[in-house]
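Analysis of the macromolecular model
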Amino acid sequence: MTRLTLHTAESAPPASQPWIEQSVRHNGYLPNLIGVLANAPLALEAYFTLGAINARASLTLAEREVVQITAAQLHGCDFCVAGHSAVALRKAGLDAASVVALQRVAATGNARLDAVQAFTQAVIEHRGAVPDGALQAFLSVGFDQEQALEVVLGVSLASLCNFANSLAQSPVNPQLQAYRASVLRAEHSDEPHAA
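Every chain begins its residue count from 1, and numbering advances along the sequence as written. The predicted origin of the model limits local features to residues at a pLDDT of at least 70 and limits the giving and counting of side-chain atom pairs to 80 or more, whereas totals for whole chains, interfaces and linings rest on all residues. No hydrogens and no water enter the side-chain calculation; it runs on all heavy atoms of the structure.

Time to look at the layout of surface pockets. Only protein atoms enter the 1 Å grid used here, on which a cavity is any set of points holding a 1.4 Å probe that cannot leave and a pocket is any open set flanked by protein within 12 Å on both sides along at least five of seven lines; residues with an atom within 4 Å of a point are listed as lining. Grid points are joined across faces, edges and corners, and a volume is the space filled by probe spheres set on the points. As a volume, the largest pocket reaches approximately 950 Å³. As for the largest pocket, its lining consists of 31 residues, and the residues nearest its centre are H26, N27, Y47, H84 and V87. The numbering of helices and of strands both runs from the N terminus, where a helix is a DSSP run of H or I of at least 4 residues and a strand a run of E of at least 2. Mapped onto the lining of the largest pocket, the elements with two or more residues apiece are α1 (17-27), α2 (32-37), α3 (41-55), α4 (61-75), α5 (78-90) and α9 (145-168). The dominant element in the lining of the largest pocket, judged by the number of residues it contributes, is α5, at seven residues. Of the residues contributing to the lining of the largest pocket, the split by class is 17 nonpolar, 10 polar and four charged. Under the convention adopted here, Pro, Cys and the residues Ala, Val, Leu, Ile, Met, Phe, Trp and Tyr are nonpolar, Asp, Glu, Lys and Arg are charged, and Gly plus all remaining residues are polar.

Here it is, written out as structure tokens:
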């Protein structure tokens, strides 16, 4: 049971209903995050708008999912860890061992992904005021200033989702249960990381 109303297409405020319908069409089901955000149509619109902007970033889908999984793990949002692990595995082409590492906020063995993970962690832990060394480490693997700010953009999107889920205590949808950190770790913890 959530602490906030978990809306359906029928119960949501009229201004949230088009966003809910879009989510169901895209996912094949209604993610609980969307049902919670439907309580505030502007928050729901912000989620979709910021998500669409984030999708246009120069960071690859895999790199954007590293930001999302890292932020969700650091913010303690099991729902978003599961949801973004699913995207990372099914759409971004990451292997299970790498996703398990990301869920642990640990190195994957891929220099670019590890740089994104470490920089995301630094952005969150230092509230943007990352040490010079953290920024230089990110830039040293071929990222640029634009992409540093795109990580901040991704953290902004993650914060909206992670904090809304934590406020509501949203349960993980049945469709995402297999991607929860505890499940993936149990199934894939001894697979080698991608190089």
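Attention now goes to the pattern of salt bridges. In what follows, salt bridge is the name for a side-chain nitrogen of Lys or Arg lying within 4 Å of a carboxyl oxygen of Asp or Glu. As enumerated under the stated definition, the model contains two salt bridges in all. We note a salt bridge from R180 to D78, for which the minimum N-O separation is 4.0 Å. Here R180 is found in the loop between α9 and α10 (181-188), whereas its partner D78 is found in helix α5, with 102 residues between them in sequence. Residue exposure (1.4 Å probe, protein chains only): buried if accessible area is under 20% of the type maximum, exposed if over 50%, otherwise partly exposed. You can call R180 partly exposed: its relative accessible area is 27%.

Its 13 residues place the ends of α5 18 Å apart at the C-alpha level, agreeing with the 18 Å of an ideal helix rising 1.5 Å per residue. Here α5 has its buried residues at F79, C80, V81, A82, G83, H84, S85, A86 and A88. Those residues of α5 that are buried lie in contact with α2, α4, α6 (96-103), α9 and α10. Take the residue count of a helix, subtract one, and multiply by 1.5 Å to get its expected span. Here a residue-residue contact requires only that any non-hydrogen atoms of the pair lie within 4.5 Å.

Interaxial distance between helix α8 (residues 132-139) and α9 falls to 10 Å at its minimum, and their mutual angle equals 115°. Judged by the inter-axis angle, α8 sits roughly perpendicular to α9. Remark: the crossing between α8 and α9 carries right-handed chirality. When α8 is examined against α9, the residues L135, F138 and L139 are found in contact with a partner set consisting of Q145, Q147, A148 and V151. Grouping the amino acids of the contact of α8 with α9 by side-chain chemistry returns five nonpolar, two polar and no charged. An axis is simply a line fitted to the C-alpha atoms; with a helix, the fit covers only the stretch in contact. Between two such axes, the angle follows the N-to-C directions and lies from 0 to 180 degrees. Each angle receives one of four descriptions, namely roughly parallel if under 35 degrees, roughly antiparallel if over 145, roughly perpendicular if within 65 to 115, and oblique otherwise. Crossing handedness: left-handed means the near helix sits turned counterclockwise from the far one by under a right angle, and right-handed means the same turn made clockwise.

Moving on, we come to unusual backbone geometry. Positive phi, normally seen in glycine, also occurs at V105, with a value near 55°. For V105, a relative accessible area of 18% corresponds to the buried category. In this model, R127 sits at a positive phi of 50°, which is unusual for a non-glycine residue. By the element assignment, R127 lies in the loop between α7 (111-125) and α8. Of the residues examined, R127 reaches a relative accessible area of 76% and is grouped as exposed.

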